[in-house]
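Summary of the model geometry
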Amino acid sequence: MTQPEPTSPWSATTNTPGWDALFLALLVCAVLIINSFAEATLPNLVQDELRHPLLGALLPALGAAAMGTPSPRPGDPLGLFLNATTLGLLLGYFVVDLGLNGRVRRRGKWLLLVGILLTTVFLPTGKLILLRQGSGPASYTHDGGVIQRLTTMRAFVLDGPGLGAVREVPAPEPAPGEALVAVERVGVCGTDAELFSGHMAYLHQGHASFPLRPGHEWCGRVTGVGPGVDPAWVGRRVMGDTMLGCGTCHRCRRGRQHVCERRTEVGVRGGRHGALAELIAVPAGSLHALPDTVDPLLGALVEPAGNALRAARAADAGPDDRVLVAGPGTIGLLTALFLRAGGAEVHLVGVTAASLAFARSLGFDRTWEPATLPALAFDAVVDATNAADLPALALDRVEPGGRVVLIGLAGQPSGIDTRTLAFKDVTAVGILSASPALADTVRALADGVIDPRPLVAATVGLDQTAAVLRGERPAGAGPGPKIHIDPRRAPG
Ligand SMILES: [Zn+2]
Ligand SMILES: [Zn+2]
């Protein structure tokens, strides 16, 4: 079941009807009352003024235009103050006009007139600047082309193993250095399923604990920034790095923040809330801007594709090289796509007929079950499975002088004979994250180096997250291994 694609949310910004509308209504009422009062009792004093085309019509029009300008944060104290100031000045003008005489009246009127003109210029400008910056305690989501302020939002919350539900939670605020992003698409992967089942290693090592909010393969649009962040981010489509290093330790300073001891991981580790929600606040430094050619589907594939790109590069295989990729899941297939794009002869080994059939539909003709795997010379072997015996098999099958790439994680330790590693002069590479390859991956997807679209079997709403994590296939899902979640509220 695929949700309709909402129109571009940033193209339309609307004001939530609320305080602005109330002030506008009050202003109109005030003008009407004063007008009728003036006509009835003080014709000479007021009617000339109100009939004067410049003041009688222009002032209320200016005030209305100023107060009708969409507020960046409808209902917040600053917006209320700005609107109240305009209204006060307008009312003050008429009160002075009615109640005072002579020089005092003239001076008061001129003073208020200047104030009104200043306010009516400043108010809309100020509002529009704030709207563009989106800074401060603003929280928005897009709703079929409309941006609304949210004080709460919908998020998928895991309370314990197998216990997950969509909840209304407080909307995040961007802290200093952070950006607030309206999430467009989130991929669900094995890590999320392990968090859901309670088997994820971090839960037992103390790096993660319930309740937690998953979602780390995501993309969206920046709707606000915290202090110290370039407002130019606002409105940009982005994806974000999962790994958030401390930024100060030896590893972080060497550009290896993804293995920082003190790192948090978005939606995975250290209590960092994930993207299975309408909004997410993340450090602006972790963002990667997405070009228009990388749509939400591709944007949410950047993170897994970044892991795959690193695995493919670690295999160091080009034309004339033969590579075996074990595990035709999302990471295995993405790695195979990158390897094929680099010119290598790619073989895939898997255990289910359906996954191998899907691999063949992507044009991979050399697919094998373990029992039928031919005795070929593989220049590199990539383990993208969760099978504990695979690393040993990879080491066994790789050519001497070749490379073994380990990106899959088994539920229990897997053993290899390191003597074989030495005797065969094999290079073994472990890969934890996509971080160092994210920028290159965005470029590769934008340039169409690989086409991973068929991997996404279905895109469903946030409410179906628990079912997806339980392993249920959405109705009408294609044969691909990846399910996407669109956490936006359905339009209308
Ligand atoms: Zn993942
Ligand atoms: Zn660090």
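Definitions and limits used
- Residues numbered from 1 in each chain as written.
- Chains lettered and ligands numbered in written order.
- Predicted model: local features only at pLDDT ≥ 70, side-chain atom pairs only at ≥ 80, totals over all residues.
- pLDDT = per-residue confidence, 0-100.
- Contact = placed C-beta atoms within 7 Å.
- Axes fitted to C-alpha atoms, helices over the stretch in contact; angles between N-to-C directions.
- Helix = DSSP H or I, 4+ residues; strand = E, 2+ residues; numbered from the N terminus.
- Parallel < 35°, antiparallel > 145°, perpendicular 65-115°, else oblique.
- Left-handed = near helix turned anticlockwise from the far one by under 90°.
- Nonpolar A, V, L, I, M, F, W, Y, C, P; charged D, E, K, R; others polar.
- Buried ≥ 20, exposed ≤ 12 C-beta atoms within 10 Å, placed from the backbone.
- Pairing = 2+ DSSP bridges.
- Arc of directions from axis to C-beta.
- Expected span 1.5 Å × (residues − 1).
- Right-handed = clockwise from strand over helix to strand, strands pointing away.

1. Quick look at the confidence of the model for the chain
Reading predicted coordinates in detail is not appropriate for stretches of low pLDDT. In this model, the chain carries an average pLDDT of 84, and 76% of its residues clear a pLDDT of 70 or more. For the stretch residues 39–46, pLDDT sits under 50, and the model shows 7 contacts to residues farther than four places along the chain or on other chains. The model gives residues 132–139 a pLDDT under 50, and that stretch makes 25 contacts with residues more than four places away or in other chains.

2. What to know about the packing of helix H10 (residues 302–315) against helix H11 (residues 330–341)
It is the contact of H10 with H11, at a shortest axis distance of 8 Å, that shows an interaxial angle of 55 degrees. In terms of orientation, H10 and H11 fall into the oblique class. Note that H10 runs across H11; the crossing there is right-handed. Between H10 and H11, the contacting residues are Pro304, Ala305, Asn307, Ala308, Leu309, Ala311, Ala312 and Ala315 on the first element and Thr330, Ile331, Leu334, Thr335, Phe338 and Leu339 on the second. Class assignment for the residues of the contact of H10 with H11 results in 11 nonpolar, 3 polar and no charged.

3. Regarding the packing of H10 against helix H15 (residues 438–446)
Closest axis-to-axis distance for the H10/H15 pair is 9 Å, and the angle between their directions is 105 degrees. Our classification of the angle between H10 and H15 gives roughly perpendicular. Listed contacts from H15 to Val302, Ala305, Gly306 and Leu309 of H10 are Leu438, Asp440, Thr441, Val442, Ala444 and Leu445. In terms of residue class, the contact of H10 with H15 is made up of 7 nonpolar, 2 polar and 1 charged.

4. Examining the environment of isoleucine 407
For isoleucine 407, the location among the structural elements is in the loop between strand E16 (398–406) and helix H14 (418–423). Classification of isoleucine 407 as buried rests on a count of 23 C-beta atoms within 10 Å. A C-alpha to C-alpha distance of 5.3 Å links isoleucine 407 and alanine 384, two positions 23 residues apart in sequence. Not counting chain neighbours up to four residues away, the residues in contact with isoleucine 407 comprise Asn307, Ala311, Ile331, Val382, Asp383, Ala384 and Ile431.

5. A closer look at the pairing of strand E4 (residues 163–170)
The sheet contact formed by strand E3 (residues 152–160) and E4 spans 8 bridges and is antiparallel. If you follow leucine 158 over to E4, its bridge partner there is glycine 164. Between E3 and E4, which pair antiparallel in sequence order, lie 2 residues; one of them, glycine 162, sits at a positive phi of approximately 75 degrees.

6. Side note on helix H12 (residues 353–361)
All of the buried residues in H12 are Ser355, Phe358 and Ala359. Looking straight down H12, one finds its buried side chains confined to an arc of 105 degrees; they lie on one side. In H12, the exposed residues that point more than 90 degrees away from the buried face are Ala353, Ala354 and Ser361. Tucked inside the fold, the buried residues of H12 contact H11, strand E13 (345–349) and strand E14 (367–368).

7. Some points on H10
The end-to-end C-alpha distance of H10 is 20 Å, a good match for the 20 Å that 14 residues give at a rise of 1.5 Å each. Most of H10 sits out of view: 13 of its 14 residues are buried. Within two residues after H10, aspartate 316 carries a phi angle of roughly 50 degrees, on the positive side.

8. Comments concerning the pairing of E13
In terms of residue burial, E13 counts as a mostly covered element, since 4 of its 5 residues are buried. Relative to E13, strand E12 (residues 322–326) is paired through 5 bridges, and the arrangement is parallel. In the sheet register, leucine 324 faces E13, and the bridge partner there is histidine 347. The parallel pair E12 and E13 is bridged by H11, and the resulting crossover is right-handed. Both E13 and E14 contribute to a ladder of 2 bridges, which runs parallel. The residue of E14 that forms the bridge with leucine 348 is threonine 367. Regarding topology, H12 serves as the crossover connection from E13 to the parallel E14, and that connection is right-handed.

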